[in-house]
Amino acid sequence: NAGVTQTPKFRVLKTGQSMTLLCAQDMNHEYMYWYRQDPGMGLRLIHYSVGEGTTAKGEVPDGYNVSRLKKQNFLLGLESAAPSQTSVYFCASSSPDRGVGELFFGEGSRLTVL
Amino acid sequence: QQQVKQSPQSLIVQKGGISIINCAYENTAFDYFPWYQQFPGKGPALLIAIRPDVSEKKEGRFTISFNKSAKQFSLHIMDSQPGDSATYFCAASMYFPGTYKYIFGTGTRLKVLA
């Protein structure tokens, strides 16, 4: 029972490099989210998806792209990394079956951009 | 109007004491108020949640007090233990077209001294 799995857990990039973070959930949840966590700023929503093939912008989407080709996977891409994107990234999923649902988070991916 | 203000930023409590964390919101459309607990190196996990139709919810040593008229809610941890040392996030949620939107507070780092 893995829940929400994020890969990689750690990554160091140079400014301008690209990378993709992978989120996989095995709970058959419809909704998936990408958040970033910065000291003193809590969790801020980057992008979210309400189902396979759909994505939408959150609070801080600039510099990121996402894709949800399969229900269980939600990918977060950085096309040209900037130092301001140094952060801890969390993926979460939830189910709408019982109205507003509990968010299930992965363990995070720590990204450093030099 | 979308913010959730959380205080204090950090809190040190003696073992056996009461920990109190406060949150305030402005948007009356919020209808679900969860608290998440996060240990170092882990993702946030749901601790306890409340809806605005009740003024208090208790689960073991954890209690949410909710004041709808003041648009405030708080987490009380009774008989605080060293194992409770973690970062706590309050959140407010409301239905947003197609999904539920969560706004998180900035977090409170709790340390319980043995």
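Above: the structure in question.
Summarised in this report is the structure supplied together with it. Quantities reported herein were computed from a predicted structural model and do not represent experimental measurements.

### Thoughts on the environment of A:Cys91
Residue and element names in this part refer to chain A. With respect to the helices and strands, Cys 91 occurs in strand S9 (residues 87–94). Through-space distance from the C-alpha of Cys 91 to that of Pro 61 is 14 Å; in sequence the pair is 30 residues apart. Discounting chain neighbours no more than four positions away, the residues touching Cys 91 are Val 4, Gln 6, Cys 23, Met 32, Tyr 33, Trp 34, Phe 104, Phe 105 and Gly 106.

### Quick notes on the layout of surface pockets
In this structure, the largest pocket spans a volume of roughly 760 Å³. The class makeup of the residues in the lining of the largest pocket is nine nonpolar, 15 polar and six charged.

### With respect to the sheet that holds strand S1 (residues 4–7) of chain A
Residues and elements named next belong to chain A. Strands sit in the order S1-S3-S8-S7 across an open sheet of four strands; the sheet is antiparallel. Looking at which strands have only one partner, the edges of the open sheet turn out to be S1 and strand S7 (64–67). Between one strand axis and the next, the sheet turns through 20° on average, direction left out of account. Summarising the sheet, S7 and strand S8 (residues 73–78) pair through four bridges and their orientation is antiparallel. Bridge pairing in S8 places Asn 65 opposite Gly 77.

### Things to note about the interface of chain A and chain B
Taken residue by residue, the interface counts 19 residues in chain A and 19 residues in chain B. For the chain A and chain B pair, buried surface summed over both sides reaches about 1800 Å², with 59% attributable to carbon and sulfur atoms. The tally of links between chain A and chain B comes to one salt bridge. A salt bridge links B:Lys42 to A:Glu107; the shortest N-O distance between them is 3.0 Å. Scanning the region where chain A abuts chain B turns up three residue pairs in polar contact (both at pLDDT 80 or more). Every element with two or more residues in the side of chain A that touches chain B is listed here: strand S4 (31–38) and strand S5 (42–51) of chain A. Among the residues forming the side of chain A that touches chain B, the class breakdown is 11 nonpolar, six polar and two charged.

### Focus on the pattern of salt bridges
As enumerated under the stated definition, the model contains six salt bridges over all chains in all. In this structure, the salt-bridge partner of B:Lys57 is B:Glu59, at a minimum N-O distance of 3.6 Å. On the basis of relative accessibility, which here comes to 33%, the residue B:Lys57 falls in the partly exposed class. Relative accessible area serves as the criterion here: at 37%, B:Glu59 is assigned to the partly exposed category. Counted as one network, the salt bridges with shared partners bring together A:Arg36, A:Asp38 and A:Arg44.

### Some points on the state of the cysteines
What the rule picks out here adds up to two disulfides over all chains. With a sulfur-sulfur separation of 1.9 Å, A:Cys23 is cross-linked through a disulfide to A:Cys91. The disulfide joining A:Cys23 to A:Cys91 has a torsion of about -75° about its S-S bond and is therefore left-handed. Residue A:Cys23 is found in strand S3 (residues 19–25), and its partner A:Cys91 is found in strand S9; the two are separated by 68 residues along the sequence. Grouping residues by exposure puts A:Cys23 and A:Cys91 together as buried. Across the disulfide from B:Cys23 sits B:Cys90; the S-S distance is 1.9 Å. Disulfide B:Cys23 to B:Cys90: torsion about the S-S bond roughly -95°, handedness left-handed. Highlighted residues: B:Cys23 in strand S3 (residues 19–25) and B:Cys90 in strand S9 (residues 86–96), separated in sequence by 67 residues.

Quick notes on the rules
- Residues numbered from 1 in each chain as written.
- Chains lettered and ligands numbered in written order.
- Predicted model: local features only at pLDDT ≥ 70, side-chain atom pairs only at ≥ 80, totals over all residues.
- Heavy atoms only, no water.
- Helix = DSSP H or I, 4+ residues; strand = E, 2+ residues; numbered from the N terminus.
- Contact = heavy atoms within 4.5 Å.
- 1 Å grid on protein atoms, 1.4 Å probe; cavity = no way out; pocket = protein on both sides within 12 Å on 5 of 7 lines; lining within 4 Å.
- Points joined across faces, edges and corners; volume = space filled by probe spheres on them.
- Nonpolar A, V, L, I, M, F, W, Y, C, P; charged D, E, K, R; others polar.
- Pairing = 2+ DSSP bridges.
- Axes fitted to C-alpha atoms, helices over the stretch in contact; angles between N-to-C directions.
- Buried area = accessible area lost by both parts, 1.4 Å probe.
- Salt bridge = Lys/Arg side-chain N within 4 Å of Asp/Glu carboxyl O.
- Polar contact = N/O pair within 3.5 Å; in protein donor to acceptor, adjacent residues only side chain to side chain.
- Buried < 20%, exposed > 50% of the residue type's maximum accessible area, 1.4 Å probe, protein only.
- Disulfide = S-S within 2.5 Å.

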